[in-house]
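So the chains spell out like this:
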Amino acid sequence: MLVQAYDFAHLHQASDCELQMGGSDQWGNITAGIELIGRRTGRQAHGLVFLLTTASGAKFGKTEEGNVWLSPARTSRIASEYWLNSDDREVERLLKLFTVLPLEEIGEAMAAHQARPSERIPQRLLAKDVTGRVHGPEVANRAIAASRALFGDGQLAELDGETLAVVASEVRTVRSTATGSPPASGSSTRWWKSGLASSKADARRGLQGGGFSVNGAKVDTSDRSLGPDDLLAGRFVALQKGRRNYAFLAVR
């Protein structure tokens, strides 16, 4: 607490900082800084605390799993999935908290959501706005298209090469120096090396049980081979286990 108080006092002296914001669990640290500033300078500083929670009551913060950051270096370009999966019960509140969109536009999105909930219009609006401010609007559009193809209702085959490259940069990618065709390793070996199976035996069980897909199409045979026709944008193959586990093969 003493170090936190000194930090606030230093910012006040060096940068004329008058307000410190933080979670409600930081109240003691912030008020200690306010008191130290008052004792040192006789000036009044201020604190603003709040606690954001999800619809389930979990804390919304940097220490929680699946958190998002304002720094593009720390936030995945397909983190828009986080916003796309926002609970219907909280998406309006998140739009008001994390965007600067006009309230009228938010209200229109919520009204449209009531009429067509399956389209998740406010969630898409939230994802586009926040991801766009972190990574830029062009990357945001590609990231949302990638998220829809990976986790929603889009088609991987419809994505262009640059958008697929965004996806490949965010999921496990196995690269091959083969030219013009995917790696020729055996089917179970391919799934094991991609990280989607813990062993060749696990891969064979997954193939026999129909648990794997190639480019969104379920694999129904244990000896499924890959060829040039499987390449997306001439260089990628998307391997999938279940609904949300992906790996990419990238061919140079």
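Look up: the structure comes first, before these words.
Overview of the structure. In this text, all values refer to a predicted model and were calculated from it rather than measured experimentally.

### Details of the overall build of the chain
The helix and strand tally for the chain stands at 10 helices and seven strands. For the chain, buried positions account for 40% of its 252 residues. Partitioning the intrachain contacts of the chain with sequence separation of at least 6 by distance along the chain shows that 59% fall at a separation of at least 24. For the chain, the accessible surface area stands at approximately 14,200 Å², while carbon and sulfur atoms represent 51% of it.

### Topic: the packing of helix 4 (residues 91–98) against helix 5 (residues 103–115)
Close contact between helix 4 and helix 5 brings their axes to 11 Å; oriented N to C, the two are set at 160°. By the angle between their axes, helix 4 is roughly antiparallel relative to helix 5. Of the two possible hands of crossing, helix 4 and helix 5 adopt the one that is right-handed. Residues V91, E92, L95 and K96 of helix 4 pack against L103, I106 and M110 of helix 5. Split by residue class, the contact of helix 4 with helix 5 holds five nonpolar, no polar and two charged.

### Digging into the sheet that holds strand 6 (residues 236–241)
Strand order in the open sheet made by the five strands is 3-7-6-4-5, with mixed pairing throughout. Of all the strands in the sheet, the pair left with one neighbour each is strand 3 (172–176) and strand 5 (217–218). Pairing of strand 4 (residues 212–214) with strand 6 involves three bridges; the strand directions are antiparallel. Paired with S213 across the strands is Q240, a residue of strand 6.

### Some remarks on unusual backbone geometry
The phi angle at R120 is positive, at roughly 50°, despite the residue not being glycine. Looking at the element boundaries, R120 is found in the loop between helix 5 and helix 6 (121–135). Its relative accessible area of 25% is what places R120 among the partly exposed residues. Located in the positive-phi region is A233, a residue other than glycine, with phi close to 55°. Tracing the chain through its elements places A233 in the loop between strand 5 and strand 6.

### Looking at the packing of aromatic side chains
This structure, assessed with the given rule, holds one aromatic pair. Ring centres of F236 and F248 lie 5.8 Å apart, and the angle between their planes is 55°; this geometry places the pair in the tilted category. Of this pair, F236 sits in strand 6 while F248 sits in strand 7 (residues 245–251), and the two are 12 residues apart along the sequence. Take F236 and F248: they sit in the same class, and that class is buried.

### Focus: the side chain of T99
By the secondary structure assignment, T99 is in the loop between helix 4 and helix 5. Residue class for T99 comes out buried when judged on its relative accessible area of 8%. Separated by 2.5 Å, the side chain of T99 and the backbone oxygen of L95 make a polar contact. Within the structure, the side chain of T99 is placed 3.3 Å from the backbone nitrogen of L101, a separation counted as a polar contact. With near-sequence residues (within four places) excluded, T99 lies in contact with L94, I106, L126, D129, V130 and R133.

### Some remarks on the pairing of strand 6
Strand 6 sits mainly inside the fold: five of its six residues count as buried. Looking at chain direction, strand 6 and strand 7 are connected through six bridges and run antiparallel. If you follow F236 over to strand 7, its bridge partner there is A250. The antiparallel hairpin formed by strand 6 and strand 7 contains three residues in its connecting segment, where G242 sits at a positive phi of about 65°.

### Section: the side chain of S213
With respect to the helices, strands and loops of the structure, S213 is situated in strand 4. Setting aside residues no more than four positions away along its own chain, S213 makes contact with W191, K218, V219, A238, L239 and Q240.

### Looking at the pattern of salt bridges
This structure, assessed with the given rule, holds 10 salt bridges. With its nearest N and O atoms 3.8 Å apart, the salt bridge here joins R93 to E90. R93 sits in the partly exposed class, given a relative accessible area of 34%. Here the salt bridges do not stand alone but share partners, grouping D16, E18 and R43 into one network.

Rules used throughout
Residues numbered from 1 in each chain as written. Predicted model: local features only at pLDDT ≥ 70, side-chain atom pairs only at ≥ 80, totals over all residues. Heavy atoms only, no water. Helix = DSSP H or I, 4+ residues; strand = E, 2+ residues; numbered from the N terminus. Buried < 20%, exposed > 50% of the residue type's maximum accessible area, 1.4 Å probe, protein only. Contact = heavy atoms within 4.5 Å. Areas by Shrake-Rupley, 256 points an atom, 1.4 Å probe, with all protein chains shown as cover. Axes fitted to C-alpha atoms, helices over the stretch in contact; angles between N-to-C directions. Parallel < 35°, antiparallel > 145°, perpendicular 65-115°, else oblique. Left-handed = near helix turned anticlockwise from the far one by under 90°. Nonpolar A, V, L, I, M, F, W, Y, C, P; charged D, E, K, R; others polar. Pairing = 2+ DSSP bridges. Phe/Tyr/Trp six-rings, centres within 6.5 Å; stacked < 30°, edge-to-face > 60°. Polar contact = N/O pair within 3.5 Å; in protein donor to acceptor, adjacent residues only side chain to side chain. Salt bridge = Lys/Arg side-chain N within 4 Å of Asp/Glu carboxyl O.

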